[in-house]
Amino acid sequence: MVAEADSIAGQGAPTARPGRRNGWYESAAAGRYVLARHWPPRFDICAETRLPIANRRRIALQVRQDLWRELKHLRGFSPVIEVSQCDQGLSLVAGGRLNAAAPSTLGSRISALLDNPANRERWLSWARERTS
């Protein structure tokens, strides 16, 4: 699913400023984790996918890394990843803020990244909850 939105998944941006780590803002509250380069986060373009239960922060870090690699030449792009718990596992929204017009293929590039089976397996392998 590709969408354009003003705020995080249509829920409005959180009011509290999150912690900043290595130049990235992180916010974790009530089953929701947000990783953004700029605060408040904003989705000018995004795609969404569902994943099985795993560590939300680890998933977000891996997706952010792959999203940045895919779009690093897109000037004015600032990534945002939101991972929320849902009935079926995790809902992941990836995309971000754009300071320029979006290329017509941008949404499909983000969707392809999220739907790539090799990426998904690597993300889940890294982010599965550890029991020991």
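Report follows, based on the coordinates. (Residues numbered from 1 in each chain as written. Predicted model: local features only at pLDDT ≥ 70, side-chain atom pairs only at ≥ 80, totals over all residues. Heavy atoms only, no water.)

What to know about the overall build of the protein chain
For the protein chain, the count of helices and strands is three helices and seven strands. The secondary structure elements of the protein chain, listed N-terminal to C-terminal, are β-β-β-β-β-α-β-β-α-α. Scored against the burial criterion, the 132 residues of the protein chain give a buried share of 47%. Considering only intrachain contacts with a sequence separation of at least 6, the fraction spanning at least 24 residues in the protein chain is 67%. Roughly 7200 Å² of accessible area belongs to the protein chain as shown, and the carbon and sulfur atoms make up 47% of that amount. (Helix = DSSP H or I, 4+ residues; strand = E, 2+ residues; numbered from the N terminus. Buried < 20%, exposed > 50% of the residue type's maximum accessible area, 1.4 Å probe, protein only. Contact = heavy atoms within 4.5 Å. Areas by Shrake-Rupley, 256 points an atom, 1.4 Å probe, with all protein chains shown as cover.)

Here we look at the nonpolar core
Of all hydrophobic cores here, the largest spans 27 residues; its most connected members are Ile59, Ile81, Leu92 and Ile110. No other element matches helix α1 (residues 56-71), which puts five residues into this core. Counting residues in each nonpolar core, the second largest holds eight residues, with Tyr25, Trp39, Cys46 and Val80 among its members. (Core = buried A, V, L, I, M, F, W, Y, C linked by side-chain atoms within 4.5 Å.)

Points about the packing of aromatic side chains
For any pair of aromatic rings, geometry is given as the distance between the ring centres together with the angle between the planes. Tallied over the full model, the rule gives one aromatic pair. With 6.1 Å between their ring centres and 45° between their planes, Tyr25 and Trp39 make a pair best called tilted. Placement of Tyr25 in strand β3 (residues 24-29) and of Trp39 in the loop between β4 (32-36) and β5 (45-51) is noted, with a sequence separation of 14 residues between them. (Phe/Tyr/Trp six-rings, centres within 6.5 Å; stacked < 30°, edge-to-face > 60°.)

Some thoughts on the side chain of Arg97
Mapping Arg97 onto the fold places it in strand β7 (residues 89-98). Within polar-contact distance, the side chain of Arg97 engages the backbone oxygen of Pro40 at 2.2 Å. When residues no more than four places from it in sequence are discounted, the contact partners of Arg97 are His38, Trp39, Pro40, Pro41, Arg42, Asp44, Gly76, Phe77 and Ser78. (Polar contact = N/O pair within 3.5 Å; in protein donor to acceptor, adjacent residues only side chain to side chain.)

Some thoughts on the pairing of β7
Counting buried residues in β7 gives 10 out of 10 residues, a clear majority hidden from the surface. Of the strand pairs in this sheet, β5 and β7 are connected by seven bridges, and their pairing is antiparallel. Considered in β7, the bridge of Cys46 is made with Gly95. Judged from the 10 bridges that link them, strand β6 (residues 77-86) and β7 form a sheet pairing that is antiparallel. Bridge pairing links Val80 to Gly95 in β7. (Pairing = 2+ DSSP bridges.)

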